[in-house]
Amino acid sequence: FMCGGWGGGSLQCNVKGALLQAGITCARCPWPVRLHQEELQLTEESLRSVQVEFRAEDDTLDEVAPQDATLGSGRDQGSGAASALLRAKRSGPELAEFGGADVGAPGERGPALDGHRAGRPDLRWSREDGGASNPLSSSTFALTGDSAHNHAVVYWSGRNSSVILILTKLFDFHMGSATESTLWRSTDYGTTYEKMNDKFGLKTVLSYLYICPSNKRKIMLLTDPEFESSILISTDEGASFQKYRLSFFVLSLLFHHTEEDWALAYSHDQKLYSSLDFGRKWQLIHEQVTPNRFYWSVAGLDKEPDLVHMEAHTPDGNVQYITCRAQMCTEANRNYPFPGFIDISSLIVQDDYIFIQVPTSGRATYYVSYRRDSFIEIKLPKYSLPKDLHIVSTDEKQVFAAVQEWNQNDTYNLYLSDTRGIFFTLAMENVKTTRGIGGNQMLDLYEVAGIKGMLVANKRQDSQVKTYITYNKGRDWRLLQAPPTDLDGNEIHCILPFCSLHLQLQMSENPYISGTISTKSSSPGIIVATGNIGAELSYNNVGMFVSSDAGNTWRQIFEEEHNIWFLDRGGALVAVKMPSVPTRHLWVSFDEGRQWSQHTFSSVPLFVDGVLVEAGADNQIMTFFGHFSHRSEWQLIKIDYRAIFSKKCTEEDYQTWHLHNQGEPCVMGQKQIYMKRRPGNHCMLGVDYSTVLSAESCICRAHDFECDYGYERRSDGNCRPSFWFNPFTVSRSCSQGQNFFNSTGYRKVVLNNCTKGVKEIYTARKQQCPNRPPRGLILTTKDGKLTANRGSNVTFLVHFDEGNSMQTNIQLDFGDGTAVSYSNLSWTEEGIKHGYKSAGIFRVTALAENTLGYDTTTLFLHVTSFTTENNFKLVQEKEEDLYTENGRNLSPQSYSSNKPEKDSNEKHRVTYKHF
């Protein structure tokens, strides 16, 4: 999933490997969606000992504070402590910043991993260390002299490279910055490391390390601004560096997706700079840019590859959405895709979509642009009164959104959109959130990797929380069937719906600790998770569970929590005790968790802070990072696990597996057959391993369709119009002579591949547009202001919600004795310009009229010849008087009169529309 969000709270999610903090999170963000992130504020209490960042080949290592995916206001913009709503992550290395293990003395820790019982009927253990034929090959390297350093960034590109880079720092909690740093470099996959400080100056203090995502040989290092403002550039994977002075302090960097030398830099004074030569020279793009609200162009959607999307403040404190080219951003070259002001920290540019929120005094209003079309207001059910909205995902040709209603505190409702991201329908109510370290909130929603449309969610029902699973993107949900027996083979009496299996869906704030649930796209159907059996989700008496058939059946594999990773593209599982326990051993299973063999990777028990697994495509190496004690230096243990495999897999080593949902073979409109290694075979899958064997489309049936916008499923299973929805309402863009698609009440689940069957019955039908009177007429100025200077042009915008735009006459009276008339609305798309020759307050009136009726609306524009403080106060007093009509107070929002016929006694109402 990808991410984004609006509203009073914050959301977190993984935006393809970017770290966001203080926002909402989702699931194919290969971990969660985050909104309104700010840089993690480190305190001595929140980070007592060690903090680590791991960066690997799949990370988008292009920014210090990743792009914020939060839309909306209603929160303290000056606060860096906004809560984060995160969504459960997929397993696999992802970029994140996190607090490391709370490392204490060895005596304060629990026992090492060696107490598993043997003789289980369905779960067997081998206590041998693999025998002489397949021992693990390991080597240990200590980062000598760094025992005081409490923060580290680890980077391994892995792809055709043996280079690992580690930046360690001593972070001073009182100063709020680093006071020492060391850069380490390995050229042999981590067997040995070399100190690199003498390459750029022994007294240089480094703050951040960045790897170019499109050419991982190119590296940028930033110095700590408390000492100097410089950038160090390497084009040979850190073997040598060039140093360049900067005239500004860099807070965050954003690399271009395809152009390896292009980068954006955001400064401490809210200025945005661009470089087209990998940081050697920088040019100012714009000032007063909102933090984390700037984006490079999206290939295939934006015409210019160097286009920059950003959110910036006007001199009077308003916020606008601006686009321009990276090194051609003068006022004449800027564009304003949305005509008016937007809410601060609300711009999200993600995949096919652009989202913004507009400032309103009542219900929040959100807009979306699909594939760079005009912005259209997002349609939630009319009963929805959101106080917080976050974009959870946008990468599967629709939008997942989490909405917190006015009466919700620790839950969100999950909505799914149509392909254009406009019309949203409810997928699940009351999805639970979990408060994480640092105040972040995680949305308990997880996308199962490798199987399209499969999600797991924790839903609050009354006072209980239960785990549900869906195989069709939220159209249908069901509880998880508990295992039939426990680890000892004793029968478990757990009857649905009173008892079921419940899973913890939290992502780890350390992306190299596996989290409470893991899946892998190269190993479809295997789900490993922490959970419990009972009437509701519990965090006591938990165990580890695995499913080999995509959640249809489950079995228990451990009685205690473990970190579990996938080796060899999912062909094997490796388990290690939770990081609070020092250990010398790891456990490996070749049969999806039925049997485990113990292997020793260290002669001394290690507090594991993180594990880097399969960073390279062509090697079988994993690296453990940790400490022998809370006072010891960083220990890096390189493990080559090739020896545990007997051979490379051949055709005879594989078997087929049919995806199903409780015996139903059609999932998302397809019969899907996967190829998996036979359980128990100790062969290596290799780089050319492919999982999908075949996919055959199914005949469309009712469960392939969800209720369309405005409809809800009744007890008989049919979709009927909701109480608030008029199914005869036609889109406002529909003009006589044109056609529109009239909904049947159903829409096919996005990316569902079924054909024929009931498809024709449930698919919207094409009909001719009827002629209707204009309704919902709105008149605004392009810049959203109700003031202007004498002699300057004012651009007015006119549109209406309903009516025949091609056969409706538009009249605009500027209030100064001048008026214009247009034969249809298309002539006014670029706005109507008018210049006032004198100062004063002018009543501007718009009239839309066709043969069936009319609509009219009015705004008041104040034109000044000079601006002083006293004059501004006078303007305020006069404008306040305008909001009183016949002794009634009018709130500053839009009013319009809608009549099927003209009424000469009907007076024009005041319009005050502020974007």
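Each value, and the rule that gives it
Residues numbered from 1 in each chain as written. Predicted model: local features only at pLDDT ≥ 70, side-chain atom pairs only at ≥ 80, totals over all residues. Heavy atoms only, no water. Helix = DSSP H or I, 4+ residues; strand = E, 2+ residues; numbered from the N terminus. Buried < 20%, exposed > 50% of the residue type's maximum accessible area, 1.4 Å probe, protein only. Contact = heavy atoms within 4.5 Å. Areas by Shrake-Rupley, 256 points an atom, 1.4 Å probe, with all protein chains shown as cover. Phe/Tyr/Trp six-rings, centres within 6.5 Å; stacked < 30°, edge-to-face > 60°. Pairing = 2+ DSSP bridges. Axes fitted to C-alpha atoms, helices over the stretch in contact; angles between N-to-C directions. Polar contact = N/O pair within 3.5 Å; in protein donor to acceptor, adjacent residues only side chain to side chain. Core = buried A, V, L, I, M, F, W, Y, C linked by side-chain atoms within 4.5 Å. pLDDT = per-residue confidence, 0-100. Disulfide = S-S within 2.5 Å. Salt bridge = Lys/Arg side-chain N within 4 Å of Asp/Glu carboxyl O. Patch = residues over 30% accessible without salt bridge, like charges linked within 9 Å, V, L, I, M, F, W, Y side chains within 5 Å.

### With respect to the overall build of the chain
What the chain contains, in helices and strands, is 2 helices and 71 strands. The buried share among the 915 residues of the chain stands at 58%. Taking the intrachain contacts of the chain between residues at least 6 apart in sequence as the baseline, contacts between residues at least 24 apart amount to 58%. As displayed, the chain offers around 36,800 Å² of accessible surface, 48% of which is attributable to carbon and sulfur atoms.

### Things to note about the packing of aromatic side chains
The final tally for this structure, using the stated rule, is 31 aromatic pairs. Summarising the aromatic geometry, the rings of phenylalanine 141 and tyrosine 193 are spaced 5.3 Å apart at their centres and angled 50° between planes, so their arrangement reads as tilted. Here the residue phenylalanine 141 occupies a position in strand β8 (residues 137–142), and tyrosine 193 occupies one in the loop between β11 (177–186) and β12 (194–195), the gap between them amounting to 52 residues. Given the relative accessible area of 8%, tyrosine 193 is considered buried. Pairing tyrosine 266 with phenylalanine 294 gives two aromatic rings, centres 5.5 Å apart and planes at 20°, and the pair type is stacked. Here the residue tyrosine 266 occupies a position in strand β18 (residues 263–267), and phenylalanine 294 occupies one in strand β21 (residues 289–296), the gap between them amounting to 28 residues. As far as burial versus exposure is concerned, tyrosine 266 and phenylalanine 294 are alike and both buried.

### Here we look at the pairing of strand β31 (residues 424–435)
Relative to β31, strand β30 (residues 411–417) runs antiparallel, the two sharing 6 bridges. When the bridges of β31 are listed, serine 417 appears paired with phenylalanine 424. Linking β30 back to β31 in an antiparallel pair, the connection comprises 6 residues, with glycine 421 at a positive phi of about 75°. The pairing of β31 with strand β32 (residues 440–443) spans 3 bridges and is antiparallel.

### Thoughts on the sheet that holds strand β47 (residues 621–627)
Spatial ordering of the open sheet is given by β8-β48-β47-β46, a layout of 4 strands whose pairing is antiparallel. The sheet is open, and its two edges are formed by β8 and β46 (607–613), each paired on a single side. Averaged over all pairs of adjacent strands, the angle between strand axes in this sheet comes to 20°, irrespective of strand direction. The pairing of β47 with strand β48 (residues 635–640) spans 6 bridges and is classified as antiparallel. When the sheet's bridge partners are listed, threonine 623 is paired in β48 with lysine 638.

### With respect to the environment of aspartate 302
Secondary-structure assignment places aspartate 302 in the loop between β21 and β22 (307–313). Taking the relative accessible area as the measure of exposure, aspartate 302 reaches 12% and is therefore buried. Those residues within four positions of aspartate 302 in sequence are excluded, and the remaining contacts are Ser297, Leu307, His309 and Arg372. In terms of polar contacts, aspartate 302 uses its side chain to reach the side chain of histidine 309, at 3.0 Å.

### Topic: the nonpolar core
If you look at the biggest cluster of nonpolar residues, it comprises 31 residues, and the most contacted ones within it are Phe338, Leu347, Phe355 and Ile356. A total of 5 residues in this core trace back to one element, the largest contributor, which is strand β25 (residues 353–358). In this structure, Val448, Met454, Val456 and Ala482 belong to the second largest nonpolar core, which totals 26 residues.

### As for the sheet that holds strand β19 (residues 272–275)
Taken in spatial order, the 4 strands line up as β17-β18-β19-β20 in an open sheet, and their pairing is antiparallel. Two strands bound the open sheet, and with one partner strand each, they are β17 (250–255) and β20 (283–286). Taking each pair of neighbouring strands and ignoring which way they run, the sheet shows an average axis angle of 30°. As paired strands, β19 and β20 are joined by 3 bridges and run antiparallel to one another. Residue pairing across strands places leucine 272 opposite histidine 286, the latter belonging to β20.

### Considering unusual backbone geometry
Following leucine 496, the chain continues to proline 497 via a peptide bond in cis, the omega torsion being 0°. Structurally, proline 497 is set in the loop between β36 (478–479) and β37 (500–503). In this structure, glutamate 237 takes a positive phi of about 60° despite not being glycine. Position of glutamate 237 relative to the elements: it lies in the loop between β15 (230–234) and β16 (242–245).

### Quick word on the confidence of the model for the chain
In regions of low pLDDT, the predicted coordinates are not meant to be interpreted in detail. In this model, the chain carries a mean pLDDT of 78, and residues with pLDDT of at least 70 account for 76%. Confidence drops under pLDDT 50 across residues 868–915; counting only partners more than four residues distant or on other chains, this segment forms 86 contacts.

### A short note on the state of the cysteines
Considering all chains together, one arrives at 6 disulfides under this definition. Each sulfur of the disulfide joining cysteine 324 and cysteine 329 lies 1.9 Å from the other. The chirality of the disulfide connecting cysteine 324 with cysteine 329 is left-handed, given an S-S dihedral of about -90°. Accessibility assignment for this pair places cysteine 324 and cysteine 329 in one class, buried. Between cysteine 494 and cysteine 499 runs a disulfide, and the two sulfur atoms are separated by 2.0 Å. Between cysteine 494 and cysteine 499 the sulfur-sulfur dihedral comes to about -105°; the bridge is accordingly left-handed.

### Concerning the pattern of salt bridges
Applying the stated criterion across every chain, the model contains 29 salt bridges. Linking aspartate 277 and lysine 281 is a salt bridge whose minimum nitrogen-to-oxygen distance equals 2.8 Å. On the accessibility criterion, lysine 281 (58% relative accessible area) is exposed. Linking aspartate 708 and arginine 747 is a salt bridge whose minimum nitrogen-to-oxygen distance equals 3.9 Å. Note that aspartate 708 is positioned in the loop between β55 (705–707) and β56 (711–713) and arginine 747 in strand β59 (residues 746–748), a separation of 39 residues in sequence. Residue class for arginine 747 comes out buried when judged on its relative accessible area of 11%.

### Remarks on a nonpolar patch on the surface
A cluster of nonpolar residues, Tyr383, Leu426 and Phe723, forms a patch on the protein surface that exposes about 350 Å² of accessible area. Tracing the backbone shows leucine 426 in strand β31.

### What to know about the environment of glutamine 504
Looking at the element boundaries, glutamine 504 is found in the loop between β37 and β38 (517–518). Spatially, the C-alpha atom of glutamine 504 lies 8.2 Å from that of tyrosine 539, the residues being 35 residues apart in sequence. Those residues in contact with glutamine 504 that sit more than four places away from it in its chain are Thr516, Ile517, Thr530, Gly531, Leu537, Ser538, Tyr539, Val542 and Glu561.

### Examining the pairing of strand β43 (residues 572–577)
β43 sits mainly inside the fold: 6 of its 6 residues count as buried. Covered by surrounding structure in β43 are Ala572, Val574 and Val576 together with Leu573, Ala575 and Lys577, the residues of both alternating faces. Of the strand pairs in this sheet, strand β42 (residues 562–567) and β43 are connected by 6 bridges, and their pairing is antiparallel. Pairing of phenylalanine 566 across the sheet is with leucine 573, part of β43. The hairpin turn running from β42 into β43, its antiparallel successor, is 4 residues long, and aspartate 568 in that turn takes a positive phi close to 50°.

### Examining the environment of leucine 751
Mapping leucine 751 onto the fold places it in the loop between β59 and α1 (759–762). In this structure leucine 751 comes out as partly exposed when scored by relative accessible area, which is 27%. Taking the C-alpha atoms as reference, leucine 751 lies 7.6 Å from glutamate 396; in sequence the two are 355 residues apart. Among residues more than four places away in sequence, those in contact with leucine 751 are Glu396, Lys397, Lys452, Lys473 and Met668.

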